[in-house]
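# Coordinates in review
For reference, the chains in residue letters:
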Amino acid sequence: MKKSIFLLFILFTSLSLSQSNKRLKGIEKQLNTILDLTKSPGFAVAVVEGDKIVYAKGFGYSDYENKVPVDEHTLFAIGSSTKAFTSGLLGVLRDEEKLSFDDSPLDYIPDFKFYNSDMNNTIIIKDLMRHSTGLPRHDASWYFFPNKDKDSLLMRVKYQEPFTGVRQQWYYNNFMFLAQGVITEKITGKSWEENIETHFFKPLGMTRSKTDIEGMKSSSNAAFGYELKDNTEISKMDYYDISGMAPAGSINSSVNDMSKWITLWLQKGKYQDQQIIPEDYIKEAMSSQMVLASGLPDDKYPDMHFANYGYGWMLGSYKGHYRVEHGGNIDGFSASVAFFPTDNMGIVVLANQNGSAVPSLVRNTIADYMLEVDKTDWIGRFKENLEKSLKAQDEAKDDTEKSNVKNTKPSHIKLDYTGSYHHDGYGKFNVIVENDTLFTELDGDKLYLHHFHYDTFELIDVVKGKVDTSAIGQSLKVTFLTNESGDISDMESTLEPTVDPIVFKRTPSTIDVDKETLETYVGDYNLAGTIIKVYLKDENVLYLFVQGQPEYELLATAKHKFSFKTLEGFKVEFVEDDKGGIIQLKAIQPNGTFVATKNPKE
């Protein structure tokens with residue numbers, strides 16, 4: 001009898017699910033076509049209706065080389081789809097009366113400052129949540145110069161220039177979501193990672209979800225990330241450790257787990273009768289807080305009526321239906337988490353392809369079926385756009401060729417470009433000469449400085465010891481600058497297109513000089529009656545002193561050559577006689593070179 005009841009229950013459940021899935025009849029042919037057309041290794045998708053998953057399936061491979069299939073439990077990096085989790089923590093803390101969205105973020109984070117006093121006095125927590133601080137992305141700061149310490153990374157914001165005033169224009173900024181995460185840490189005394197686990201993963205039963213890349217690496221059934229090279233080759237990418245920027249995009253999850261997150265939003269903050277996020281915050285977060293972009297519907301998208309932003313969610317209309325959505329992109333992975341609150345339906349798509357069109361194609365295709373609206377040929381549009389994109393890439397290569405001034409040379413020898421380059425809002429990197437070639441390193445990746453023209457170079461990846469020549473003409477460019485003395489003093493690059501090029505100050509490379517050699521420079525040098533004193537302090541640090549001026553520490557840059565530690569463009573070179581004794585000091589300054597003769601020892 002019990003067996004019969006059990007079988008009846010299984011039959012009833014199957015009938016219920018098949019009824020819900022009727023609208024998705026024929027969808028898998030479309031999804032497989034998307035997989036093939038985009039040359040994606042794999043993806044997973046889940047559809048939620050009300051508080052139930054009505055469809056969940058994997059396509060393609062999580063491990064492309066070994067043909068390991070994707071399923072609904074496969075872990076993917078969700079990138080910026082993390083942001084709604086971070087702002088959600090602030091919603092919980094506000095409900096507990098531990099903060100107000102109208103508070104200044106500076107009240108909660110010691111030493112945190114913005115670029116100017118107007119920003120410091122005006123910006124409130126709500127501006128961090130809706131991207132209205134006036135700051136552009138400055139993403140190169142954290143992407144190329146990562147730091148595992150959230151507080152240290154956040155201190156860079158003080159040196160990052162805004163491009164407009166506070167609340168004048170929406171502009172996406174990952175640092176502001178880092179700031180939200182740090183605020184939760186200061187209030188709770190727990191890490192952002194612990195707060196996400198406690199407030200969301202555990203009560204929602206998101207048992208496979210992880211807050212860092214190490215959790216991903218140690219998990220079973222985790223996807224590898226891939227990129228599509230030259231629109232033909234599927235190539236594996238290393239996991240990107242987003243580290244200190246975790247609150248902006250470090251969560252790794254499956255479509256099964258993320259369906260529970262969508263359910264929470266569809267159920268007004270409740271999950272299995274437990275109020276996990278306050279209902280008033282849910283409504284506020286998925287309501288318009290900032291205009292994302294202006295404009296009217298066009299011929300291609302006549303039903304897309306607005307583009308606004310809430311808290312960690314992008315808001316828009318899709319064929320007359322209100323849509324709440326956020327994408328995610330991180331090395332080797334792309335994501336889309338979307339729901340239609342008035343239709344009580346949501347879709348999550350996770351793909352292991354870098355910068356992939358898969359999430360939007362799958363989301364829109366399924367939405368047409370579930371919403372029972374006129375179906376758009378999204379696959380056909382993708383083909384058309386792909387052809388245009390490839391043509392544009394070819395034209396861009398031609399434009400680069402034209403912009404390159406042929407037969408020019410760098411103004412200095414390679415050694416003169418070496419040294420340490422630093423910007424307080426970004427970070428530090430070194431330029432070195434290796435086998436008569438200039439190289440640098442960013443986030444552990446070796447880069448070749450390929451001469452473009454004049455003092456402009458391109459940063460080209462070195463992959464497995466070989467320069468990626470296919471990237472020449474299409475890579476990030478940097479330009480070296482000289483000071484009045486003709487020395488290389490800075491390097492600039494358009495790392496953030498909305499503001500002036502970011503300038504990195506050069507510090508020349510130094511060499512170690514033993515105490516015995518340093519002692520040969522010690523003495524008094526006569527420059528037209530003015531005495532220049534050179535002496536040692538702290539046993540092995542060389543100093544120079546002129547009456548009426550401060551003493552200057554000298555840094556050894558080459559044999560007999562020194563730079564002033566605190567003066568830009570000032571150098572010293574000691575001259576030896578044919579017996580190796582030091583007889584002169586050349587003071588090289590922006591206004592000329594002056595020679596002082598060493599006084600003989602008494």
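Please refer to the structure higher up on the page.
Overview of the structure. Within any chain, residue numbers begin from 1 and follow the written order of that chain's sequence. Given that this is a predicted model, residues contribute local features only at a pLDDT of at least 70 and side-chain atom pairs are listed and counted only at 80 or more, while totals for whole chains, interfaces and linings are drawn from all residues. Side-chain measures were taken over the full set of non-hydrogen atoms in the model, leaving aside hydrogen atoms and water.

### Some thoughts on the pattern of salt bridges
By convention in these notes, a salt bridge is any Lys or Arg side-chain nitrogen within 4 Å of a carboxyl oxygen on Asp or Glu. In total, this model carries 25 salt bridges according to the counting rule given. A salt bridge links aspartate 524 to lysine 533, with the nearest nitrogen and oxygen atoms 3.4 Å apart. A 1.4 Å probe rolled over the protein chains alone gives each residue an accessible area, and that area as a share of the maximum for its type sets the label: buried under 20%, exposed over 50%, partly exposed in between. Given the relative accessible area of 28%, aspartate 524 is considered partly exposed. The partner of lysine 565 in a salt bridge is glutamate 553, with the nearest N and O atoms 3.7 Å apart. Linking lysine 565 in the loop between strand S29 (561-564) and strand S30 (571-576) with glutamate 553 in strand S28 (residues 552-558), this pair joins segments that are twelve residues apart in sequence. Under the relative-accessibility criterion, glutamate 553 is labelled partly exposed at 21%. Each of the salt bridges in this network shares a partner with another, and the network as a whole consists of Asp127, Arg130 and Arg167. Helical segments are the DSSP runs of H or I of at least four residues, strand segments are the runs of E of at least two, and each set is numbered from the N terminus.

### Brief notes about the side chain of lysine 319
Within the element layout of this structure, lysine 319 appears in the loop between strand S12 (314-318) and strand S13 (321-330). Residue class for lysine 319 comes out buried when judged on its relative accessible area of 18%. Excluding residues within four positions of it along the chain, lysine 319 makes contact with Asp303, Asp368, Val373, Asp374, Lys375 and Thr376. For this analysis, residues touch if any pair of their heavy atoms sits within 4.5 Å.

### Structural notes on empty space enclosed by the protein
Summary: where empty space remains is shown by rolling a probe the size of a single water molecule over the atoms. Think of a 1 Å grid over just the protein atoms. A cavity is a set of points where a 1.4 Å probe fits yet cannot get out, a pocket is an open set with protein on both sides within 12 Å along at least five of seven lines, and lining residues have an atom within 4 Å of a point. Grid points are joined across faces, edges and corners, and a volume is the space filled by probe spheres set on the points. Tallying each qualifying case throughout the model produces two cavities of 30 Å³ or more. One number sums up the size of the largest cavity: a volume of about 120 Å³. Forming the walls of the largest cavity are 15 residues, and the residues nearest its centre are Phe429, Leu442, Leu459, Val478 and Met491. Listed by contribution, the elements that provide at least two residues to the lining of the largest cavity are strand S17 (427-434), strand S18 (437-442), strand S22 (477-482) and strand S23 (488-493). Charged means Asp, Glu, Lys or Arg here, nonpolar means Ala, Val, Leu, Ile, Met, Phe, Trp, Tyr, Cys or Pro, and polar covers whatever is left, Gly included. Here the lining of the largest cavity is composed, by residue class, of 13 nonpolar, two polar and no charged. Space inside the second largest cavity adds up to approximately 100 Å³. Every residue lining the second largest cavity is counted, 15 residues in all, and those nearest its centre are Ala77, Ile213, Tyr240, Asn252 and Ile330. Across the lining of the second largest cavity, the residue classes break down as nine nonpolar, four polar and two charged.

### Things to note about the sheet that holds strand S31 (residues 582-589)
Here eight strands make up a closed barrel; going around it, the order is S25-S26-S27-S28-S29-S30-S31-S32 and the pairing antiparallel. In this sheet, neighbouring strand axes are inclined to one another by 35 degrees on average, regardless of whether the strands run parallel or antiparallel. Strand pairing is defined by DSSP finding a minimum of two bridges between the two strands. Pairing geometry for strand S25 (residues 523-527) and strand S26 (residues 530-537), over five bridges, is antiparallel. The partner of leucine 527 across the bridge, within S26, is threonine 530. In this analysis, axes come from line fits to C-alpha atoms, helices being fitted only over the stretch in contact, and the angle between any two N-to-C directions falls in the range 0 to 180 degrees.

### Considerations on the pairing of strand S19 (residues 445-453)
Across four bridges, the pairing between S18 and S19 is antiparallel. Paired with glutamate 441 across the strands is lysine 446, a residue of S19. Hairpin geometry of S18 and S19 is characterised by an intervening segment of two residues between the two adjacent antiparallel strands and by a positive phi of about 50 degrees at aspartate 443. Both S19 and strand S20 (residues 456-463) contribute to a ladder of six bridges, which runs antiparallel. Following the sheet pairing, leucine 449 is matched in S20 by leucine 459.

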